[in-house]
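# Architecture and fold: a report
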There are 2 protein chains.
Amino acid sequence: MKLDELDTPAALVDISRMERNIARMQARMDALGVTFRPHVKTTKCLDVVRAQLAAGAKGITVSTLKEAEAFFAAGVTDILYAVSIAPSKLPRAMALRQKGCDLKLVIDNVPAAVEIAKFASEQRESLEVWIEVDTDGHRSGITPEQDALLEVGRILHEGGIKVSGVMTHAGSSYELHSPEALSELAEQERAGCVRAAQRLRDAGIPCEAVSVGSTPTALSAAKLDDVTEVRAGVYVFFDLVMHNVGVCSIDDIALSVVATVIGHQPEKNWVILDSGWMAMSRDRGTSKQAHDFGYGLPCALDGTPLNGWVMSGANQEHGILSPANPQLANGSQDESLAARFPIGTKLRILPNHACATGAQFPEYHALSDDGETTVWSRFHGW
Amino acid sequence: MKLDELDTPAALVDISRMERNIARMQARMDALGVTFRPHVKTTKCLDVVRAQLAAGAKGITVSTLKEAEAFFAAGVTDILYAVSIAPSKLPRAMALRQKGCDLKLVIDNVPAAVEIAKFASEQRESLEVWIEVDTDGHRSGITPEQDALLEVGRILHEGGIKVSGVMTHAGSSYELHSPEALSELAEQERAGCVRAAQRLRDAGIPCEAVSVGSTPTALSAAKLDDVTEVRAGVYVFFDLVMHNVGVCSIDDIALSVVATVIGHQPEKNWVILDSGWMAMSRDRGTSKQAHDFGYGLPCALDGTPLNGWVMSGANQEHGILSPANPQLANGSQDESLAARFPIGTKLRILPNHACATGAQFPEYHALSDDGETTVWSRFHGW
């Protein structure tokens, strides 16, 4: 189907941009001497992940067991489940291992280590676990110098569990916006994770893998000595949040929502679209950044940004486009609004957060340079 | 499956609460002498809609043609598509009509009226259209006194289109929180829509239906003279936004997300959950209301609210639970955190916005009073 024939709203992937983003990250990882394990939570789409693996990625990172099951069924075996596992999910994880999936689990606390060792012992099977390290205080993990790090390592190791790595995610990188600060955080992430691995090794626990990453730190690290692999997800599409962080330009953003003009409120300078928060998601990630893009940055259907306009509001299936400059919000442009955006006009809206926007759709429409689109399915749920 | 056996995250529907919410709304509509047309965009779930129809609802409201197609396939014929239709969607709407669906479309502007009349003429088929009326300035529609109202009516009527109703949605009711203000807005919504219908009738355009509604105004209207029907969606589950508006209590909220404790960060007083924004949605609808519930209000698995706690943060698959009172955020409770919320503990989180949270899940788990759950599927996409 041609781009201008798509029913709206539609989630559009610009294949050229996506390929460029994949090549950029892989080249960077190759230059830094580490392997790259993309986080597939961003797309949950086999077509995208195949492109990442074809470019040189080794294995994948997942955020749910459903992702692990779906990608293992498609032939991917090296999988890191990067969320501390709830004990009740252990049978589901074990079932994947028993089918031949090289699934690595993650935990960050003693009670979980006890549960895992007990479960594996009862099942008379082993499991492979990486310990989550906290290198920036933004969420989960054990800090490199905490006693709990060695305690968790020992409980697992002595319980017959293979402690084959440490992993960290410096998610606070999303809050930064200068190359210097990002580079510093990347070094903090690297050093903390390497230190945790060293402490485990010194205690006799093998810990081969040292896995770090977030899109901003992966693209900002000056060196990655003693790191074995990097993980990142959103780089594959990028988005307006990443643009504000400073790691991509607007024309790197590979995901957009195709929307249709369905009405006007001229006295308010509003153009009404058939795409609201159900399409864009409720993510307002740019609201606390230097440039607030509302619910998204509108572009013409050919991808040219409509600078000066913003998707300022969203109901479930209605979007509101208005001038970004409040001084223009009431006034001179009234007369030209319906002429500039006639009913039926199709636009592309660049999203705040590609992971959240993609999740609103059962499929992407992948756009080739010749204007043809192909359906790439994605899955949701757990 | 028993409640405590559900894999998490899971979207849980408390059937008793849902039935009570349905009965309350229907009794109110019966007393006001109007029919009730529930908006199914909230649930996109046949089991819920059957319960609404069984209680006395007449027809349904949809926000997408996919909803219309899915519910028509399940036997519902009287359907109002309550978003101004994009011209490119007309063939899809016509296909439904040709299969016997009593589908009513909505528009609010002259160019759309011209397109519809032209399309129907080319197809040699008729269509049925309701005109959207703007009674509170919050989004779309033609105000009751605008010339465009009669112009749209005439273009459709003379083009062979049946103009069988007017509809309005006073969505600004979500921004109110006093019974008096809600009751006033309900009257404004009623009066404006009735006035628009009268103007059309005076101009010789039949306009039988006068359709109004939003959950807050439907529950606040003192009278609905000359209105024929009311629409509302979120009342069926309610949520924290509706609680803050003042039209439900916490124990009316029928939707929650079941989550599992997977970690702790004691020095920050954080409990880490396996349910983040992918489960709750990014909707932060209570952030501008008098009581900000963060990403949700945690409850014990039996539904008892954990007052004093809030889901204060969310990443894609991680939620952060912390004390609602910042003075407690660092301090005395450190020691008891892991004891109070042991790893593996399951909780229910009440959502800000039931429409947005439900959309994150492929299915609900419907909970009976005996603790058993049943899968109720829902659909997404367009």
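In what follows, the accompanying structure is described. Remember, it's a predicted structure, so these values are computed and weren't measured experimentally.

## What to know about the packing of aromatic side chains
- Scanning all chains against the criterion turns up 10 aromatic pairs over all chains.
- Between F36(A) and Y235(A), the aromatic rings sit 5.3 Å apart at their centres with planes inclined by 80°, giving edge-to-face as the arrangement. Taken together, the residues span a long stretch of sequence, with F36(A) in strand 2 (residues 35-38) and Y235(A) in the loop between strand 9 (229-232) and helix 9 (240-245) at a distance of 199 residues. This pair shows no difference in class: F36(A) is buried, exactly as Y235(A) is.
- Note on W382(A) and F361(B): the rings are 4.8 Å apart at their centroids and 35° apart in plane angle, and the pair reads as tilted. With one member in each of two chains, W382(A) in the segment after strand 17 (373-377) and F361(B) in the loop between helix 12 (354-358) and strand 16 (363-367) form a pair that bridges those chains.

## Here's the deal with the pattern of salt bridges
- What the rule picks out here adds up to 37 salt bridges over all chains.
- Ionic pairing is found between R282(B) and D283(A), a salt bridge with its closest N-O pair at 2.8 Å. Of the two residues, R282(B) sits in the loop between helix 10 (277-280) and strand 12 (297-300) while D283(A) sits in the loop between helix 10 (277-280) and strand 12 (297-300), which places them in two different chains. In this pair, the class of R282(B) matches that of D283(A), namely buried.
- Salt-bridge contacts for K104(B) lead to D78(B); the nearest nitrogen and oxygen are separated by 2.4 Å. On the criterion of sequence distance, the pair formed by K104(B) in strand 5 (residues 102-107) and D78(B) in strand 4 (residues 78-81) is long-range, its members being 26 residues apart.
- If you follow the salt bridges from partner to partner, you end up with R37(A), D78(A), D102(A), K104(A) and E229(A) in one network.

## A closer look at the interface of chain B and chain A
- Listed by partner, the interface residues are 56 residues for chain B and 56 residues for chain A.
- When chain B packs against chain A, close to 4,700 Å² is buried across both sides, 55% of that on carbon and sulfur atoms.
- When the buried area of chain B at its contact with chain A is split by residue, R139(B), H380(B) and W382(B) rank highest and sum to 17% of it.
- Taken together, chain B and chain A are joined by six salt bridges.
- Of the charged contacts in the structure, one is a salt bridge between D7(A) and R92(B), with a shortest N-O distance of 2.6 Å.
- At the junction of chain B and chain A, the tally comes to 22 residue pairs in polar contact (both at pLDDT 80 or more).
- Among the elements that take part in the side of chain B that touches chain A, strand 10 (residues 255-265) of chain B stands out by supplying four residues, more than any other.

## Focus on the state of the cysteines
- Evaluation of the coordinates by the stated rule reveals zero disulfides over all chains.
- Free cysteine: C355(B), not disulfide-bonded; nearest cysteine sulfur from C248(B) at 13 Å.

## Section: helix 2 (residues 46-54) of chain B
All names here are of chain B.
- Along helix 2, the residues that are buried comprise V48, V49, A51 and Q52. Buried positions in helix 2, seen along its axis, are confined to an arc of 155° and lie on one side of it.
- Packed against the buried residues of helix 2 are helix 1 (15-32), strand 3 (60-62), helix 3 (65-73) and strand 17 (373-377).

## Brief notes about the sheet that holds strand 8 (residues 209-212) of chain A
Residue and element names in this part refer to chain A.
- Read across the sheet, eight strands follow the order 2-9-8-7-6-5-4-3 without closing on themselves; strand pairing throughout is parallel. Of all strands in the sheet, those bounded by a partner on one side alone are strand 2 and strand 3 (60-62). Between one strand axis and the next, the sheet turns by 30° as a mean value, whatever way the strands run.
- Pairing between strand 5 (residues 102-107) and strand 6 (residues 128-132): four bridges, direction parallel.

## A few points about the sheet that holds strand 9 (residues 229-230) of chain B
All names here are of chain B.
- Read from one edge of the open sheet, eight strands run 2-9-8-7-6-5-4-3, paired in parallel fashion. This sheet does not close on itself; its edge strands, each paired only once, are strand 2 (35-36) and strand 3.
- The sheet contact formed by strand 6 (residues 128-133) and strand 7 (residues 162-168) spans six bridges and is parallel. Following the sheet pairing, V129 is matched in strand 7 by V163.
- With respect to the sheet, helix 6 (residues 147-158) is in contact with strand 5, strand 6 and strand 7, its orientation differing from that of strand 6 by roughly 175°.

What counts, and at which threshold
- Residues numbered from 1 in each chain as written.
- Chains lettered and ligands numbered in written order.
- Predicted model: local features only at pLDDT ≥ 70, side-chain atom pairs only at ≥ 80, totals over all residues.
- Heavy atoms only, no water.
- Phe/Tyr/Trp six-rings, centres within 6.5 Å; stacked < 30°, edge-to-face > 60°.
- Helix = DSSP H or I, 4+ residues; strand = E, 2+ residues; numbered from the N terminus.
- Buried < 20%, exposed > 50% of the residue type's maximum accessible area, 1.4 Å probe, protein only.
- Salt bridge = Lys/Arg side-chain N within 4 Å of Asp/Glu carboxyl O.
- Contact = heavy atoms within 4.5 Å.
- Buried area = accessible area lost by both parts, 1.4 Å probe.
- Polar contact = N/O pair within 3.5 Å; in protein donor to acceptor, adjacent residues only side chain to side chain.
- Disulfide = S-S within 2.5 Å.
- Arc of directions from axis to C-beta.
- Pairing = 2+ DSSP bridges.
- Axes fitted to C-alpha atoms, helices over the stretch in contact; angles between N-to-C directions.

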